[in-house]
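Geometric and topological summary
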Amino acid sequence: MQKYRFVVDVQYKSNVRDPRGEMIKRVLNDEYDIPVTSLRLGKSIHLEIEAENEGDAMKLVSKACEKLLVNTVTETYEVRRI
Amino acid sequence: MTASFPKAQVVVYPGSNCDRDALWALRYVGFDAEFVDIRSHIGSDVNLLVLPGGFSYGDYLRVGAVAAREPISSEIRDFMSRGGLIIGICNGFQILIEMGILPGALLQNSTGKFICKIVELEVVDNETPFTRYFERGEKIHLPIAHGFGRYVKTNGLVNSQDNVIFRYAQDVNGADELIAGISNENKNVLGLMPHPERAIEKLIGSDDGLRVFLSAFNYIKTSSENMLQKTKVGVA
């Protein structure tokens, strides 16, 4: 068994409103005069997983995402090996 | 019928905080009501389940997400399939959605703020076990207290006309079509963001919530009497 580390990047789908992102964008625009035109606040989940090989590890990460980490109704995700 | 009929249970998750209000409301209208711990089991003689409000598991990850994956969820699904009545209030509604029992999603209020106030609602459908004591189109007042109550429709909600039970009279949290409460197709499951269990006494602002529990009580009583009637006719 080997350990593999991944980052799961979770974002709301583009048609889902993100009030937290909108608020942060507004502060950057209004308080700091930084011309941010779009800001979406998601979450990144760092995890380490034990598996025989990278392919198996990746399958387990996908399972974790589909079962619990991501609500695929409103969110999308990307998995990166780190 | 025995004294313990109809029977209700309030599912207590770690972080539930409206469980006592729900129990009080259920007993007030005549239910034989008790708490059920998530490590325990739903009683075989239970007629109504309430999933109360609160912040189950701190609402970490997503609201209701962890609670929805507790082993007791499969018992809740079985209970629903048998035709048992379920009311999910606030966090309970969020849990029912994460379980996939009700369609859609509940996301952060469009204002970005936690909203705690009494709001006006319209009763859209009074032909459910939970709303038979209301008039169709009646305006009622119930408290809301949520940060994540913006209902978002998804493909699962094919015909919102059939599923919507309560709408906000005015926009409060950015919900699609002002949706405040929905049911499943069979109408034995109600999920709503407003708190009927906090509106049992006029003294504290409203007693409109009382009729949600009275409706369920009456529905259970009359359907069991009908069953008895049918049995008698069958014997005769």
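Residues numbered from 1 in each chain as written. Chains lettered and ligands numbered in written order. Predicted model: local features only at pLDDT ≥ 70, side-chain atom pairs only at ≥ 80, totals over all residues. Heavy atoms only, no water.

Overview of the overall build of chain B
Basically, it comes down to this: Secondary structure elements are taken from DSSP: a helix is a run of H or I of four residues or more, a strand is a run of E of two residues or more, and numbering for both begins at the N terminus. Radius of gyration: C-alpha atoms only; globule rule: 2.2 Å multiplied by the number of residues to the exponent 0.38. Only protein chains enter the area calculation, which uses a 1.4 Å probe; residues under 20% of their type maximum are buried, those over 50% are exposed, and those in between are partly exposed.
Counting secondary structure elements, chain B contains five helices and 11 strands. Over its C-alpha trace chain B gives a radius of gyration of 17 Å, about what one expects of a compact globule, namely 18 Å for 236 residues. If one aligns the C-alpha atoms of chain B with their principal axes, the spans along those axes are about 60 × 40 × 40 Å. Among the 236 residues that make up chain B, the fraction classed as buried is 57%.

Points about the overall build of chain A
What counts, and what does not: Two residues form a contact once any of their heavy atoms are found within 4.5 Å. Surface accessibility in these figures is a Shrake-Rupley result with a 1.4 Å probe; residues are shielded only by whichever protein chains are displayed.
Counting its regular elements, chain A contains two helices and three strands. Secondary structure elements of chain A occur, N-terminal to C-terminal, as β-α-β-α-β. Taken over the C-alpha trace, chain A has a radius of gyration of 16 Å; the compact-globule value for 82 residues is 12 Å, which it surpasses by more than 25%. Every one of the 82 residues in chain A was classed for burial, and the buried ones make up 28%. Taking the intrachain contacts of chain A between residues at least 6 apart in sequence as the baseline, contacts between residues at least 24 apart amount to 69%. A total accessible area of about 5500 Å² is found for chain A, and carbon and sulfur atoms account for 49% of it.

Looking at the interface of chain B and chain A
Put simply, the rule reads: Buried area is a sum: the accessible area each of two parts loses on coming together, probed at 1.4 Å, counted once for each and added. Whenever Lys or Arg places a side-chain nitrogen within 4 Å of a carboxyl oxygen from Asp or Glu, that contact is recorded as a salt bridge.
Counting residues at the interface gives 14 residues for chain B and 15 residues for chain A. Note on chain B versus chain A: buried area summed over both sides is about 1200 Å², and carbon and sulfur give 59% of it. Ranking the residues of chain B by area buried against chain A places B:Leu61, B:Arg62 and B:Leu107 at the top, with a combined share of 40%. At the boundary of chain B and chain A, one finds one salt bridge. Note that B:Arg62 is salt-bridged to A:Glu75, the shortest N-O span being 4.0 Å.

Points about the sheet that holds strand 2 (residues 43-51) of chain A
Residue and element names in this part refer to chain A. The condition that has to hold: Strands are labelled as partners when DSSP assigns at least two bridges between them. Axis geometry follows a simple rule: fit a line to the C-alpha atoms, using only the stretch in contact for helices, then measure angles between N-to-C directions, giving values from 0 to 180 degrees.
Here we have three strands laid out as an open sheet, ordered 2-1-3, and antiparallel in their pairing. Both outer strands of the open sheet, strand 2 and strand 3 (75-81), are each paired with one neighbouring strand and no more. Geometrically, the sheet is characterised by an average inter-axis angle of 25° between neighbouring strands, direction not taken into account. In this structure, strand 1 (residues 2-12) lies alongside strand 2, joined through nine bridges in antiparallel fashion. Within strand 2, the residue paired with Arg-5 across the bridge is Glu-48.

Examining the layout of surface pockets
Stated precisely, the cut-off is as follows: Cavities and pockets are found on a 1 Å grid laid over the protein atoms alone: a cavity is a set of points where a 1.4 Å probe fits but cannot escape, a pocket is an open set with protein on both sides within 12 Å along at least five of seven lines, and a lining residue has an atom within 4 Å of such a point. Grid points are joined across faces, edges and corners, and a volume is the space filled by probe spheres set on the points. Basically, the charged four are Asp, Glu, Lys and Arg, the nonpolar ten are Ala, Val, Leu, Ile, Met, Phe, Trp, Tyr, Cys and Pro, and anything else, Gly included, counts as polar.
As a volume, the largest pocket reaches approximately 330 Å³. Surrounding the largest pocket, 21 residues form its lining, A:Tyr12, B:Leu61, B:Arg62, B:Val63 and B:Phe148 being those nearest its centre. When residues of the lining of the largest pocket are traced back to their parent elements, those giving at least two are strand 1 of chain A together with helix 3 (91-99) and strand 5 (105-107) of chain B. Its residues assigned to classes, the lining of the largest pocket shows 10 nonpolar, five polar and six charged.

Some details on the nonpolar core
So the rule is basically this: Nonpolar cores were defined as sets of buried Ala, Val, Leu, Ile, Met, Phe, Trp, Tyr and Cys residues, with membership established by side-chain atoms within 4.5 Å.
Counting 70 residues, the largest nonpolar core has B:Phe31, B:Leu48, B:Ile76 and B:Ile87 as the members making the most contacts within it. For this core, the leading source of residues is helix 5 (residues 210-235) of chain B, giving six residues. If we skip the residues at most four places from it in the chain, B:Ile87 touches B:Leu48, B:Leu49, B:Val50, B:Leu51, B:Phe130, B:Leu190, B:Leu192, B:Val212 and B:Phe213. Core analysis: the second largest hydrophobic core is formed by 13 residues, A:Phe6, A:Leu47, A:Ala57 and A:Cys65 among them.

Observations concerning the pairing of strand 10 (residues 179-183) of chain B
Residues and elements named next belong to chain B. In terms of residue burial, strand 10 counts as a mostly covered element, since five of its five residues are buried. Pairing analysis gives three bridges linking strand 9 (residues 164-168) to strand 10, with the strands arranged antiparallel. Residue pairing in the sheet places Phe-166 in a bridge with Gly-181 of strand 10. In this structure, strand 10 lies alongside strand 11 (residues 189-192), joined through three bridges in antiparallel fashion. Along strand 11, the bridge assignment pairs Ser-183 with Leu-190. Here strand 10 folds back onto strand 11, and the loop between the two strands holds five residues, one of which, Lys-187, carries a positive phi near 60°.

Here's the deal with the packing of aromatic side chains
Residue and element names in this part refer to chain B. Applicable threshold: Each aromatic pair joins two rings of Phe, Tyr and Trp (for Trp, the six-membered one) with centres within 6.5 Å, and gets the label stacked for planes under 30 degrees apart, edge-to-face for over 60, and tilted for any other angle.
On inspection of all chains with the given rule, the structure shows four aromatic pairs over all chains. For the ring pair Phe-134 and Phe-166, a centre distance of 6.3 Å and an interplane angle of 90° mean the geometry is edge-to-face. Taken as a pair, Phe-134 in the loop between strand 6 (115-123) and strand 7 (139-146) and Phe-166 in strand 9 lie far apart in primary sequence, 32 residues in all. An identical accessibility class is assigned to Phe-134 and Phe-166; each is buried.

Quick look at a nonpolar patch on the surface
Residues and elements named next belong to chain A. Heads up, the condition is: Any residue with relative accessible area above 30% and no salt bridge may belong to a patch, with like charges joined within 9 Å and the nonpolar Val, Leu, Ile, Met, Phe, Trp and Tyr side chains within 5 Å.
A cluster of nonpolar side chains, namely Met-23, Val-27, Tyr-32 and Ile-34, defines an oily patch on the protein surface of about 380 Å² accessible area. Tracing the backbone shows Tyr-32 in helix 1 (residues 19-32). What makes Tyr-32 exposed here is its relative accessible area of 58%.

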